[in-house]
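Next come the chains, spelled out residue by residue.
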Amino acid sequence: MSTNLRRAALTGAAALAAVLALAGPAAAHAEVEADKAQALAENVTLTFVSEAESASAGFREVRVVLPMGIAPADVSLGKAPKGWSLKTTADGYVVGGPALKTGVDAEYEVKVRQLPDADEVAFKTVETYSDGEISRWIELPKDGEEGEQPAPLLKLKAAAPGATPIAPSPSASPTPSPTPSAEATSTATTAAGAGEKSAAKKDDDGSSTGLLVGGAIAAVLVLGGGAWWLTKRRASATGG
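Note that the coordinates shown come from a computational prediction; the quantities given were computed from them, not determined experimentally.

This brings us to the pattern of salt bridges. Counted according to the given criterion, the structure contains three salt bridges. A salt bridge links D91 to R63, with the nearest nitrogen and oxygen atoms 3.0 Å apart. One end of the pair, D91, is in the loop between β5 (85-88) and β6 (92-96); the other, R63, is in strand β3 (residues 59-65), and 28 residues separate them in sequence.

With that settled, consider the pairing of β6. Consecutive residues of a regular strand have side chains that alternate between opposite faces of the sheet. Within β6, five of the five residues are buried, leaving the element largely enclosed by the surrounding structure. As paired strands, β3 and β6 are joined by five bridges and run antiparallel to one another. When the bridges of β6 are listed, V64 appears paired with Y93. Of the pairings in the sheet, the one linking β5 to β6 comprises four bridges and is antiparallel in character. Bridging across to β6, S85 finds its partner in G96.

Its boundaries defined by the atoms lining it, the largest pocket holds a volume of some 160 Å³. Lining the largest pocket we find 14 residues, and of these G69, D74, Q114, P165 and I166 sit closest to its centre. Here the lining of the largest pocket is composed, by residue class, of eight nonpolar, three polar and three charged.

All right, on to the nonpolar core then. Core analysis: the biggest nonpolar cluster contains 26 residues, and L46, F48, Y93, Y108 and F123 have the highest contact counts within it. Taken together, the elements giving at least two residues each to this core come down to β2 (42-50), β3, β6 and β7 (106-114). The leading source of residues in this core is β7, at four residues. Those residues in contact with L46 that sit more than four places away from it in its chain are V32, E33, A34, Y108, E109, V110, V112, F123 and L154.

Here we take up the side chain of T128. Following the sequence through the fold, T128 ends up in strand β9 (residues 124-129). Overall, the relative accessible area of 8% leaves T128 in the buried class. Apart from residues no more than four positions distant in its own chain, T128 is found in contact with G58, F59, R60, E61, E133 and I134.

A separate point is the packing of aromatic side chains. Aromatic ring pairs: the centre-centre distance and the angle between the two ring planes describe each pair. A complete count under the given rule lists four aromatic pairs for this structure. The interplanar angle of 15° and the centroid separation of 5.3 Å between the aromatic rings of F48 and Y108 together place this pair among those described as stacked. One end of the pair, F48, is in strand β2; the other, Y108, is in strand β7, and 60 residues separate them in sequence. Neither F48 nor Y108 differs from the other in exposure class; each is buried. Aromatic pair F48 and F123: ring centres 5.3 Å apart, planes at 80°, arrangement edge-to-face. Placement of the pair is F48 in strand β2 and F123 in the loop between β8 (120-122) and β9, with a sequence separation of 75 residues. An aromatic cluster of at least three residues, connected via ring pairs, comprises F48, Y93, Y108 and F123.

Scoring rules and cut-offs
- Residues numbered from 1 in each chain as written.
- Predicted model: local features only at pLDDT ≥ 70, side-chain atom pairs only at ≥ 80, totals over all residues.
- Heavy atoms only, no water.
- Salt bridge = Lys/Arg side-chain N within 4 Å of Asp/Glu carboxyl O.
- Helix = DSSP H or I, 4+ residues; strand = E, 2+ residues; numbered from the N terminus.
- Buried < 20%, exposed > 50% of the residue type's maximum accessible area, 1.4 Å probe, protein only.
- Pairing = 2+ DSSP bridges.
- 1 Å grid on protein atoms, 1.4 Å probe; cavity = no way out; pocket = protein on both sides within 12 Å on 5 of 7 lines; lining within 4 Å.
- Points joined across faces, edges and corners; volume = space filled by probe spheres on them.
- Nonpolar A, V, L, I, M, F, W, Y, C, P; charged D, E, K, R; others polar.
- Core = buried A, V, L, I, M, F, W, Y, C linked by side-chain atoms within 4.5 Å.
- Contact = heavy atoms within 4.5 Å.
- Phe/Tyr/Trp six-rings, centres within 6.5 Å; stacked < 30°, edge-to-face > 60°.

This is the structure in structure tokens:
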């Protein structure tokens, strides 16, 4: 083989290796599909697939931000990896559990009460691996162009004739105002009774003290009067 041919072959091999190296990470996507991809469709099963891209760890959990029109309370878990469960968040849900084996895609299903009335809906996704590595698929299309890490996007057909939004799921009942317990009520009653007894005792003490003082004054007056009468009598007897 000539020198030029060898150089061309090496150049071609290097270019192919570079293309494959770039294609590897780019091919890893988070995707979503629906059994009824139609606006206002009810009881729709969504299938999510997060493609593994780590060479050293497996998926531990997947967090999804729901689009406008789908409430976290209206989502329930269907098929999922063994041991995985769903927990709702303020803006979506987290599904996860025991870490998957390295290289295994995270595939699961959720059931949605109703899809919104829209042309397309995006499900921003954040994937976490067992080694703590995080992969974010959250970019929305801009000017018709897909981002480098696009969020799973579901295109919807127009709503069926007569389809209307169903009522939202009932929210949690308001927390009732705290009511006093029986023990607290009993304590309050006992305290009130003790207060009344204390007040009555004070009144009794005041009355008793008043009687004692009044009695002492009366006794002094009587004794004083008696002494005056005796003195006057003696004076009269002496004079006579």
